[in-house]
Amino acid sequence: MAVEVGDKAPHFELKDQHGTPVKLSDFAGSKDVVLVFYPLAFSGICTGELCAIRDELPTLGGDDVQVLAVSVDSVFAHRAWADQEGYQFPLLSDFWPHGGVASAYGVFDEEKGLARRGTFIIDKTGVVKWKVDNDIPNARDLDELRKALSGI
């Protein structure tokens, strides 16, 4: 079942690229969260998207916004990719149970075994304020995301 705008965001705890547990609730009351699901580390479109997010972070809400990027890749793959690309935001491993968080948000592609390009803005109270679910070959539009964040 897909998460819709106005729903309470499903809670999760996943390990980041350093093996540190990160919970959605860590940001409750302090930051809006941009939750970015992507298919696979090191792939062309995913690298382009996350590099654009890395470069655009100051215009995506600044200190009031926390980006959390999620894929089914392992912590180890995330660490190598983050080191290579200079990602400072958490890359979260939805490795096991395989795609569990992507499934909870309704963006897991069962046939392919990975997440679609789902993007969710979750406000400080834990409510989904905006979402878009792009198919795997279609990159997300950062201008749309920036506009959505400015409206929160």
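Our subject is the structure listed above.
Criteria and cut-off values
Residue positions are given per chain, counted from 1 along the sequence in the order it is written. This being a predicted model, a pLDDT of at least 70 is required before a residue's local features are given, and a value of 80 or more before pairs of side-chain atoms are given or counted; all residues contribute to the totals for chains, interfaces and linings. With hydrogens and water stripped out, all remaining heavy atoms of the structure feed into the side-chain values. A run of H or I in DSSP becomes a helix once it reaches four residues, and a run of E becomes a strand once it reaches two; helices and strands are each numbered from the N terminus. Here the radius of gyration uses the C-alpha set of atoms, whereas the globule reference equals 2.2 Å times the residue count to the power 0.38. Partly exposed describes any residue whose relative accessible area lies between the buried limit of under 20% and the exposed limit of over 50%, with all areas from a 1.4 Å probe on protein chains only and scaled to the type maximum. Between two residues, a contact is recorded if the distance between any of their heavy atoms is within 4.5 Å. Surface exposure here means Shrake-Rupley accessible area, sampled with a 1.4 Å probe, where a residue is shielded only by the protein chains that are shown. This count recognises Lys and Arg as positive and Asp and Glu as negative, with His and chain-terminal groups excluded. Every charge is mapped onto a representative atom, which is NZ of Lys, CZ of Arg, CG of Asp or CD of Glu. Within 6.5 Å between ring centres, the rings of Phe, Tyr and Trp (the latter by its six-membered ring) count as paired, and their orientation is classed by plane angle as stacked under 30 degrees, edge-to-face over 60, tilted in between.

Asks: When you look at the overall build of the chain in this model, what are you seeing that I'm missing?
Replies: Summing up its helical and strand segments, the chain has four helices and nine strands in all. Its helices and strands taken in sequence order, the chain reads β-β-β-α-β-α-β-α-β-β-β-β-α from the N to the C terminus. The C-alpha radius of gyration computed for the chain amounts to 14 Å, which stays within 12% of the reference 15 Å derived for 152 residues, consistent with globular compactness. Seen through its principal axes, the chain has C-alpha atoms that stretch 35 × 35 × 30 Å. Relative to its 152 residues, the chain shows a buried fraction of 50%. Contacts spanning at least 24 positions in sequence make up 63% of the contacts within the chain whose residues lie at least 6 apart. Accessible surface computed for the chain: about 7200 Å², of which carbon and sulfur atoms make up 54%. Of the side-chain charges in the chain, 15 are positive and 24 negative, and the distance between the mean point of each set is 3 Å.

Asks: I'm lost on the packing of aromatic side chains in this one. Help?
Replies: For any pair of aromatic rings, geometry is given as the distance between the ring centres together with the angle between the planes. Evaluated as defined, the whole model comprises eight aromatic pairs. With 6.3 Å between their ring centres and 70 degrees between their planes, Phe 12 and Tyr 105 make a pair best called edge-to-face. Pair noted here: Phe 12 is in the segment before strand 1 (13-15) and Tyr 105 is in the loop between helix 3 (100-104) and strand 6 (108-109), with a separation of 93 residues, a long-range link. In this structure Phe 12 comes out as buried when scored by relative accessible area, which is 4%. Residue Tyr 105 is classed as buried on the basis of its relative accessible area, which comes to 1%. In textbook terms, an aromatic cluster arises when at least three aromatic residues are bridged by ring pairs, as seen for Tyr 38, Phe 42, Trp 81, Tyr 87 and Phe 89.

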